[in-house]
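One-letter residues, chain by chain:
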Amino acid sequence: STGAPASSASCPPAPSSPDTLDALLGGIGLNRCSKLPAWESLFPDGPNDFRLPYFDTLHDTPLWGPPYARTLAADLDAAAGSSRPVSQLIAVAEARLGATITACDPGSNLAAPAGDKAPFAHAVEQLITTTGGTPSAGSIESQAASIPQGLQQSLVPIVTRLAQTPAVLKKSLGNYTSQTPLLALMPFVSLPNVAYPSLGDATFQAAIASLDLSILSTYAAQLTMAIESASLSRFAGTTGFSFSTQTPLGAVVIGDASAHTYLPTDPDLGGNILLLVDTGGSDTYRIPAGATTKQPASVSIDLGGDDQYLYVEVPVGSDTGLLPSDGAGRLSPQQGYGPASLSSVSRQGAGVLGVGLLYDTGAGKDHYRSLRASQGFGTFGVGALYDDGGDDTYEGEAAVQGSATFGLGILLDAAGNDTRTSFTLSQGYAFTGGVGVLEDLGGDDSYSVDVGDPTLGGTVIYYSPQLPAAGNSSLSQGCGEGMRDDTDSVYWSGGIGVLRDVSGTDVY
């Protein structure tokens, strides 16, 4: 469902008899069908204004806004409560960008052949061959032999889908693959930096306009259907195996239910990770779990335990009172900005020019910490983080916890008393061409975005033109933002940002 008005000429829903709103509108010569004055003159028409479907209708006739929002909320709730929650949320979000996704559970064409005694090993070997590598069949098959047959068979459709990602991304980018280094910087343009792309550059704008996100979104829905239909939770707690091999798309790693610490210094984990499945135990991840790092897809699935999703900390002096830096340091205060993080590493369910997925199940007490562009974040791609329960802690600074720019960013937490903290562009935020969703289905939750005002215990980092030196530019907790830049003639309509908490006694 798009939640769209029946047509631009139709009137918003009205009660059976006039109410106070009708009386108030009548007092100024309007009714429920009245359109606003020519607000559009403020935003010149152009080929790259990236308006979402029904933008004009909702702005022309504002009373279409409430029923549109109610339909969106109902669709999100139905999706989040389904047996395929992430794939359904992707479909709901992409529908608001104007594209209909069709995705099904994997068919027999993706399953392992009947009688195959080494289905997982053969699927990995086929992925390596398909993507231009030469598999070490002996090593792959000997390592995979100790993985339970049921788990092997369940992973085959996921591996087969992952082999498709390079072709999908190439098709999505069209003729502008040369622009990918600049496109990848889009999540970070909110800070002063001469190295960031000029949003007014004609080639850069053309590259953005040509990108077909629906191709990536459809693929992301297919990939998540493969994951969610595999019922991997039935293998939680299994032990006695370990698997790791490199592929042209990144490492494939399968860990058992022992407690693991995943470090970037591990030679099997120091590069890109395509697929990491851990069957349980209280694990520590200091790698970008389920986040693309110069590869088109990354999937991380953890089936149980109280897990820690962190990073290698490299503190600097200006970290005082803030999250530890990760080696990129912090901005030297300038132009009204304080010591904002300069991290350029996405983590924990982030898709930048690709699809990044993190699933954590088992209802453990999990801790997620990252700095920017993480925890359900998408730019020119799809990023999603799914946690099925437990009292979880989410920490971030910017563009985290359901945030998107020209993409889809989804954070879904099914249950538990959760705590979330950030500074800006977070907790259901979307810039132009994006849909950012933070959905929480239950529990007594806390959502905090640092107000900046030192007299209220805040820390000023992100310049606020309304409250210079006394507040942060928050743009969080359900915020869609666009851009009007008269200097560069950039007029970009905003995205859809949603913070949806279904039940519980919550604090915002």
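Residues numbered from 1 in each chain as written. Predicted model: local features only at pLDDT ≥ 70, side-chain atom pairs only at ≥ 80, totals over all residues. Heavy atoms only, no water.

Engineer: Is there a simple way to think about the state of the cysteines in this case?
Structural biologist: As used here, a disulfide is simply a covalent bond connecting the sulfur atoms of two cysteines. Taken as a whole and assessed by the stated rule, the structure comprises 1 disulfide. Bridging C11 to C33, the disulfide has an S-S length of 1.7 Å. Because the torsion about its S-S bond is 125°, the bridge between C11 and C33 counts as right-handed. Pair noted here: C11 is in the segment before α1 (20–27) and C33 is in the loop between α1 and α2 (55–60), with a separation of 22 residues, a long-range link. (Disulfide = S-S within 2.5 Å. Helix = DSSP H or I, 4+ residues; strand = E, 2+ residues; numbered from the N terminus.)

Engineer: Got a minute to help me understand the packing of helix α5 (residues 119–130) against helix α6 (residues 137–144) in this structure?
Structural biologist: Packed helix pairs are characterised by how far apart their axes lie and by the angle those axes make with each other. Packing of α5 against α6 leaves a shortest axis separation of 9 Å and a crossing angle of 145°. In this structure, α5 meets α6 at a crossing whose hand is right-handed. Facing α5, whose interface residues are F120, A121, H122, V124, E125 and I128, α6 presents A137, I140, E141 and A144. (Axes fitted to C-alpha atoms, helices over the stretch in contact; angles between N-to-C directions. Left-handed = near helix turned anticlockwise from the far one by under 90°. Contact = heavy atoms within 4.5 Å.)

Engineer: Hey, could you run me through the pattern of salt bridges in this one?
Structural biologist: When their charged atoms lie close together, side chains carrying opposite charge are able to pair. Inspection of every chain in the model, using the stated rule, returns 14 salt bridges. With a shortest N-O distance of 2.8 Å, R51 and D49 are connected by a salt bridge. On the basis of relative accessibility, which here comes to 13%, the residue D49 falls in the buried class. In this structure, R369 and E313 form a salt bridge, with 3.1 Å as the shortest nitrogen-oxygen distance. With R369 in strand β10 (residues 367–369) and E313 in the loop between β7 (308–309) and β8 (350–352), this pair connects stretches of sequence that are 56 residues apart. By relative accessible area, which is 17% here, R369 ends up buried. Through salt bridges with shared partners, a single ionic network connects D19, D22 and R32. (Salt bridge = Lys/Arg side-chain N within 4 Å of Asp/Glu carboxyl O. Buried < 20%, exposed > 50% of the residue type's maximum accessible area, 1.4 Å probe, protein only.)

Engineer: Help me understand the side chain of D387, please; the structure alone is not making it clear to me.
Structural biologist: Locating D387 in the fold gives a position in strand β13 (residues 382–387). Look at D387: it is buried, it has no salt bridge, and the nearest opposite charge is R420 at 7.9 Å. Of the polar contacts made by the side chain of D387, one reaches the side chain of Y368; its length is 2.6 Å. Contacts of D387, omitting those with residues within four sequence positions, involve D360, D366, Y368, D392, Y394, L412, D413 and A414. (Lys, Arg positive; Asp, Glu negative; His and termini not counted. Polar contact = N/O pair within 3.5 Å; in protein donor to acceptor, adjacent residues only side chain to side chain.)

Engineer: Teacher, can you tell me more about unusual backbone geometry here?
Structural biologist: One non-glycine residue, Y54, adopts positive backbone phi at about 70°. Relative to the helices and strands, Y54 is located in the loop between α1 and α2. A positive phi is found at A399, a non-glycine position, where the angle reads about 55°. By the element assignment, A399 lies in strand β15 (residues 398–400).

Engineer: Please explain the sheet that holds strand β12 (residues 377–379) as it appears in this structure.
Structural biologist: Strands pair in a sheet through their backbones, by hydrogen bonds, and they do so in one of two ways: parallel or antiparallel. Spatially, the 5 strands line up as an open sheet ordered β8-β12-β16-β19-β22, and their pairing is parallel. Looking along the sheet, the strands with just one partner apiece sit at the ends: β8 and β22 (479–480). Where strand β19 (residues 429–430) lies against β22, 2 bridges are found, and the strand directions are parallel. Looking at the pairing, A430 lines up with G480 of β22. (Pairing = 2+ DSSP bridges.)

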